[in-house]
Amino acid sequence: MACVERCRCCAESRRHGSILYNILRSEERAARPAGQGPRRGQASGGCPCGSRRRVALRSPQVACKAASAVLVKTLRFVQNVPCFQELPLDEQLLLVRSCWAPLLVLGLAQERVHFETVESAEPSMLQRILTTRRHGEHTPPRAPAPGRPHHGPGGPHLPSAGEIQAIKGFLAKCWSLDISTKEYAYLKGTVLFNPDLPGLQCTQYIEGLQREAQQALNEHVRLIHRVFLE
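Residues numbered from 1 in each chain as written. Predicted model: local features only at pLDDT ≥ 70, side-chain atom pairs only at ≥ 80, totals over all residues. Heavy atoms only, no water.

Right, let's get into unusual backbone geometry. The backbone of arginine 112 shows a phi angle near 55 degrees, a positive value even though the residue is not glycine. Mapped onto the fold, arginine 112 is located in the loop between helix H5 (89-110) and strand S2 (117-119). Even without glycine at this site, aspartate 178 takes up a positive phi of about 55 degrees. Inspection of the secondary structure puts aspartate 178 in the loop between helix H7 (161-177) and helix H8 (181-192). (Helix = DSSP H or I, 4+ residues; strand = E, 2+ residues; numbered from the N terminus.)

Structural data, given as structure tokens:
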């Protein structure tokens, strides 16, 4: 894994005398406002790599197929919630668009979907500078091919190793708790009915639905623990 390998920046720190390094560092310091220290999350003199390295799926077709199946199953669950169907259509769309990602992660945990990642080869800083300048001066932007998403000049966005590790940590925690199907349903209801979203009109009704889901989850957990204690 990229997190446990020795960072390339640690080796490059011994070559601070190179001309290219000094030019890039001086331009970075000049572009930074006066009095501003290193960016948040980056210690002064520390290594900027580590968990921020970009990673990609080892088997993207298999993982995306499994995630797509989970997403379809999750949306069907949402559509079959009676209280959700009573909401106006624009309220339904607003709720789903704001919470589909956490609902998907809960679905991945419920279906016990495993995925592996590999470190993505990143071009060097000099290669990125030359490639960006060459594309900007000599090649006009082209429209994406039919059926292919447009990722912009920087290519597709790849998550960092830290972001993937956070998702895997959450999945492992859910699996260790052995959450039941009913508990997953209550958790999804708590996530779905979020009354704090801007633009909602039925805020009191949605807040009541969220409170009911939380209470049902708490009562179910207390009942399970009572049975185990007895």
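For the rest of this paragraph, the subject is the packing of H5 against H8. Remark: H5 packs on H8, axes separated minimally by 9 Å, with the N-to-C direction vectors making an angle of 160 degrees. One element, H5, and the other, H8, form an angle in the roughly antiparallel class. As for the relative orientation of H5 and H8, their crossing is right-handed in sense. Residues Leu95, Cys99, Pro102, Leu103, Leu106, Gly107, Ala109 and Gln110 of H5 touch H8, and the partners they reach there are Thr181, Tyr184, Leu187, Lys188, Val191 and Leu192. Among the residues forming the contact of H5 with H8, the class breakdown is ten nonpolar, three polar and one charged. (Axes fitted to C-alpha atoms, helices over the stretch in contact; angles between N-to-C directions. Parallel < 35°, antiparallel > 145°, perpendicular 65-115°, else oblique. Left-handed = near helix turned anticlockwise from the far one by under 90°. Contact = heavy atoms within 4.5 Å. Nonpolar A, V, L, I, M, F, W, Y, C, P; charged D, E, K, R; others polar.)

Attention now moves to the nonpolar core. By size, the foremost hydrophobic cluster in this structure holds 16 residues, and its most contacted members are Val70, Leu108, Ala109, Phe115, Leu171, Cys174 and Tyr184. Listing elements by their share of this core, those giving two or more residues are helix H3 (60-79), H5 and H7. It is H7 that contributes the most residues to this core, five residues altogether. With sequence-adjacent residues up to four places away left out, tyrosine 184 is seen in contact with Leu106, Ala109, Gln110, Cys174 and Ile179. (Core = buried A, V, L, I, M, F, W, Y, C linked by side-chain atoms within 4.5 Å. Buried < 20%, exposed > 50% of the residue type's maximum accessible area, 1.4 Å probe, protein only.)

So, about H8. Under the 1.5 Å per step criterion, the end-to-end length of H8 is 16 Å for twelve residues, consistent within 8% with the ideal 16 Å. Taken together, the buried positions of H8 are Glu183, Tyr184, Lys188, Gly189, Thr190 and Leu192. (Expected span 1.5 Å × (residues − 1).)

What follows covers the side chain of histidine 220. Among the structural elements, histidine 220 can be located in helix H9 (residues 203-229). You can call histidine 220 buried: its relative accessible area is 15%.

Moving on, we get to H7. The terminal C-alpha atoms of H7 lie 24 Å apart, and with 17 residues this matches the ideal 24 Å at 1.5 Å per residue to within 8%. On the buried face of H7, the contacting elements are strand S1 (55-57), H5, S2 and H8. Once H7 ends, the next one or two residues include aspartate 178, with phi positive near 55 degrees.

This part takes up the pattern of salt bridges. The final tally for this structure, using the stated rule, is four salt bridges. Linking glutamate 116 and lysine 168 is a salt bridge whose minimum nitrogen-to-oxygen distance equals 3.6 Å. Highlighted residues: glutamate 116 in the loop between H5 and S2 and lysine 168 in helix H7, separated in sequence by 52 residues. Judged by relative accessible area, which is 46%, glutamate 116 ranks as partly exposed. Residue arginine 211 is joined to glutamate 207 by a salt bridge in which the shortest nitrogen-to-oxygen separation is 3.6 Å. Placement of both arginine 211 and glutamate 207 in helix H9 is noted, with a separation of four residues, approximately one turn of the helix. In this structure glutamate 207 comes out as partly exposed when scored by relative accessible area, which is 39%. (Salt bridge = Lys/Arg side-chain N within 4 Å of Asp/Glu carboxyl O.)

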